[in-house]
Amino acid sequence: MALSREQVAMRVAQELQDGYYVNLGIGIPTLVANYVPDGIKVMLQSENGLLGMGPYPTEDQVDADMINAGKETVTAATGAAIFNSAESFAMIRGGHVDLTVLGAFEVDQEGNIASWMIPKKLIKGMGGAMDLVAGAQNIIVTMTHASKHGDSKLLEKCSLPLTGVNCVKKIVTDLAVLEVKDGAFYLLERAPGVTVDEIISKTAGKLIVEGDIPEMQF
Amino acid sequence: MAGFDKVVNTYAEAMAGLKDGDTIIAGGFGLCGIPEGLIAEIKRLQTKELTVVSNNCGVDDFGLGILLQDRQIKKIIASYVGENALFEQQLLDGIIDVELTPQGTLAEKMRAGGAGIPGFYTATGYGTPIAEGKEVKEFNGRPYILEESITGEFAIVKAWKADRYGNLVFRHTAMNFNPMAATAGKITVAEVEEIVEPGELEPSQIHTPGIYVNRVIKGDFEKRIERVTTSK
C-alpha cells in the first residue's frame, strides 16, 4: 500500500536527530512537526524570521504580528529567537540549518530539484525555496513517487525549471525511501506491501537496488 | 522638524517628494508588518510607473495590492506573488512586469544596497532560470552567481515603536524585511504604532538606528491576518 501523507511525514520524522535545526516546507513537510520522536528535541526555523516555531495559537493567543512562512498564525516555542529576513537567510545560506524538508514536482538522479514553476501555468514565485536548497546541509524531498497519471517524478533529468542543482540527498515518497548519490537513486526502503518491481516500474531515473530491500518500520 | 526630530503629523508630509517612476522598497511579509497608512497615501497620491520592491504584493484589497487597482505599479520585484488575483491578471495582460527573486537574495539585495555594497555572489539560484545572464564565479570549487543590490528613492517600513529620532523597534515576526528596507531608501519613512521620547528605548535593543530613518509617523493599523490558524 502506498503511504498516506501522514505516514510519509512519520517516516521523515525518523530522520530527525536531537538538537537539529530544521526548516519544514509547506504541505507534507509541515506535518513532520507532529511526529517528532520521543526524547528528541528539534528547533523549527521559519524563514520569515523565527527560530523555534511553536504550535498554532489558541484563539485568545492569535497575534497578527506572529506568523510563519506560510502566513499562518503561530506561537514561539520556549527559547525561540526572532530576527529579520537577512539574518534568517544568513543562517539558511550559511549552512547553519541542519535539515530542510520540502516538496517537489520532480527530482533527478543528479540531485537536481524542480519545485517552483510549471511553464505556461501561472508562476507564483519561489519564495525561499532556492535559498533553502542552496544552503541546507541536508535536504529531504517528500512527494508522491509518480503523478496521478502514473508518470514518474524521479527522473534521469528534470524536465521543469530547476529550483536548485546537486542538492537533494534523500527522498521519501509514498512508495519508497531513496538516497541520491553518484548520479543514481539508491533504493533504501519500500512502503509496507509495496514491491520492488512496482518501485522499479515507477522510477524513470537510474535506480540501484542492492540486496533485499526492507519495509519501512513505523 | 528640528534637529533629529523626524516626526511628521500627516501622511502628505510623510510621502512628500514621491514622484512618477520612483522605486519604493517596502517592508512586510505577506500582510504582516506592512506600513498600511503609507501605502494608502501612495494610492491617494496616484503616483504612477512605480517600481515596487517587496517580498509580496499584498492581496487584492489590502496592502500593496491596492496600488494595482489604478495601475500604479509598473514593475514588482518580489519572491512570491501568489495571493493576488488582480496581480495575476495584470501580469497576464502585460500591464505589470515582475522580477521574481529568491527571498534570501531579495533580503540581501536590500541589505547590501543600504550598506553600500553594489553586488554579491550567492549560490542561491545557480543552475536555475533566475541565473540566466548573470555572471558565475567559482569559490572553492562551487559556482555562485552575481546578484546586484537594490536601493530606491523611497523606503516605507512599519515598526512597533519609534522614538522621535527615528530609532525603531519591531515586534515579533512583523520585523521581517523592514530593517533591510529601512536602510535602502534615499528617503525612509517609518509608520509606527507608538512614538516615544528619545531615551525611552533601550539603546542596545534598537533594531534600526535612526540614521536610516528620515520621517516617522504614527499610524492606525488594521493588522489583517491572511491565515488564522488555531489549536484547541
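A few points on the structure. Quantities reported herein were computed from a predicted structural model and do not represent experimental measurements.

Quick word on the overall build of chain B
On a plain count of helices and strands, chain B comes out with five helices and eleven strands. Against the 2.2 N^0.38 benchmark of 17 Å for 232 residues, chain B shows a C-alpha radius of gyration of 18 Å, consistent with a compact globule. Out of the 232 residues in chain B, the part that is buried amounts to 54%. Split by element, the accessible area of chain B, about 9600 Å² in all, is 48% carbon and sulfur. Taken as two groups, the 24 positive and 32 negative side-chain charges of chain B have centres that lie 1 Å from each other.

With respect to the nonpolar core
Counting residues in hydrophobic clusters, the biggest one holds 44 residues, and the most contacted among them are Val107(A), Ile113(A), Val141(A), Val168(A), Ile171(A), Leu178(A) and Phe185(A). Non-local contacts of Ile113(A), meaning those with residues more than four positions away in its chain, are made with Leu102(A), Gly103(A), Ala104(A), Glu106(A), Val133(A), Val141(A), Cys158(A), Leu162(A), Thr163(A), Gly164(A), Cys167(A) and Val168(A). Grouped together as the second largest cluster of nonpolar side chains are 38 residues, Leu31(B), Ile34(B), Ile42(B) and Phe87(B) included.

A word on the interface of chain A and chain B
On the side of chain B, 49 residues touch chain A, which itself brings 43 residues to the contact. Here chain A and chain B share an interface that buries about 3800 Å² over both sides, 63% of which is from carbon and sulfur atoms. When residues of chain A are sorted by the area they lose upon contact with chain B, Asp65(A), Lys71(A) and Lys124(A) head the list and together hold 20% of the total. For the pair chain A and chain B, the interface holds three salt bridges. Between Asp65(A) and Lys223(B) there is a salt bridge; the shortest N-O distance is 2.7 Å. Across the contact surface, chain A and chain B share 24 residue pairs in polar contact (both at pLDDT 80 or more). Secondary-structure elements contributing two or more residues to the side of chain A that touches chain B are helix 3 (85-93) and helix 4 (129-135) of chain A.

A closer look at the sheet that holds strand 6 (residues 136-139) of chain B
Residues and elements named next belong to chain B. If you walk across this open sheet you meet the three strands as 5-7-6, and the pairing is antiparallel. Looking at strand neighbours, the two that pair on one side only are strand 5 (119-122) and strand 6, the edges of this open sheet. In this sheet, adjacent strand axes meet at a mean angle of 40 degrees when their direction is disregarded. Here strand 5 pairs with strand 7 (residues 142-148) via four bridges, running antiparallel. Counterpart to Gly 119 in the pairing with strand 7 is Glu 148. Packing against the sheet, helix 4 (residues 103-114) makes contact with strand 5 and strand 7, and its axis sits at approximately 150 degrees to strand 5.

Regarding the side chain of Thr122(B)
Residue placement: Thr122(B) occurs in strand 5. Judged by its relative accessible area of 1%, Thr122(B) is buried. Within the structure, the side chain of Thr122(B) is placed 3.1 Å from the backbone nitrogen of Thr124(B), a separation counted as a polar contact. Ignoring any residue separated from it by four or fewer positions in sequence, one finds Thr122(B) in contact with Arg93(A), Thr105(B), Tyr144(B), Ile145(B) and Glu147(B).

A look at the pairing of strand 1 (residues 21-24) of chain A
All names here are of chain A. Of the strand pairs in this sheet, strand 1 and strand 2 (residues 43-46) are connected by three bridges, and their pairing is parallel. Bridge pairing links Asn 23 to Gln 45 in strand 2. Direction of pairing for strand 1 relative to strand 5 (residues 99-103): parallel, over a ladder of three bridges. Note that in strand 5 the partner of Asn 23 across the bridge is Thr 100.

What about the packing of aromatic side chains?
As enumerated under the stated definition, the model contains three aromatic pairs over all chains in all. Between Phe4(B) and Tyr165(B), the aromatic rings sit 5.7 Å apart at their centres with planes inclined by 55 degrees, giving tilted as the arrangement. Of the two residues, Phe4(B) is situated in the segment before helix 1 (11-14) and Tyr165(B) in the loop between strand 8 (152-163) and strand 9 (168-169); the sequence distance between them amounts to 161 residues. Three or more aromatic residues link up through ring pairs in this structure, and these residues are Tyr121(B), Phe139(B) and Tyr144(B). Above the ring of Phe29(B), the side-chain terminus of Lys71(A) is found at 5.4 Å from the ring centroid. Between Lys181(A) and the ring centre of Tyr186(A), over which it is positioned, the NZ or CZ distance is 4.7 Å.

Here's the deal with the environment of Ala155(B)
Residues and elements named next belong to chain B. Tracing the backbone through its elements, the reader meets Ala 155 in strand 8. Residue classification places Ala 155 among the buried residues on the basis of a relative accessible area of 0%. Excluding residues within four positions of it along the chain, Ala 155 makes contact with Ile 25, Ala 181, Ala 182, Gly 185, Ile 187, Thr 188 and Val 189.

Remarks on the sheet that holds strand 1 of chain A
Residue and element names in this part refer to chain A. The strand order across the open sheet formed by ten strands is 4-3-2-1-5-8-10-11-12-13, and the pairing between neighbours is mixed. Edge positions in the sheet fall to strand 4 (76-82) and strand 13 (207-208), since each has one partner strand and no second. In the packing of helix 1 (residues 5-13) onto the sheet, contacts are made with strand 5, strand 8 (139-143), strand 10 (170-173), strand 11 (176-181) and strand 12 (184-190), and the angle to strand 10 comes to roughly 150 degrees.

What counts and what doesn't
Residues numbered from 1 in each chain as written. Chains lettered and ligands numbered in written order. Predicted model: local features only at pLDDT ≥ 70, side-chain atom pairs only at ≥ 80, totals over all residues. Heavy atoms only, no water. Helix = DSSP H or I, 4+ residues; strand = E, 2+ residues; numbered from the N terminus. Rg over C-alpha atoms; globule rule 2.2 N^0.38 Å. Buried < 20%, exposed > 50% of the residue type's maximum accessible area, 1.4 Å probe, protein only. Areas by Shrake-Rupley, 256 points an atom, 1.4 Å probe, with all protein chains shown as cover. Lys, Arg positive; Asp, Glu negative; His and termini not counted. Charge placed at Lys NZ, Arg CZ, Asp CG, Glu CD. Core = buried A, V, L, I, M, F, W, Y, C linked by side-chain atoms within 4.5 Å. Contact = heavy atoms within 4.5 Å. Buried area = accessible area lost by both parts, 1.4 Å probe. Salt bridge = Lys/Arg side-chain N within 4 Å of Asp/Glu carboxyl O. Polar contact = N/O pair within 3.5 Å; in protein donor to acceptor, adjacent residues only side chain to side chain. Pairing = 2+ DSSP bridges. Axes fitted to C-alpha atoms, helices over the stretch in contact; angles between N-to-C directions. Phe/Tyr/Trp six-rings, centres within 6.5 Å; stacked < 30°, edge-to-face > 60°. Lys NZ or Arg CZ within 6 Å of the ring centre and 35° of its normal.

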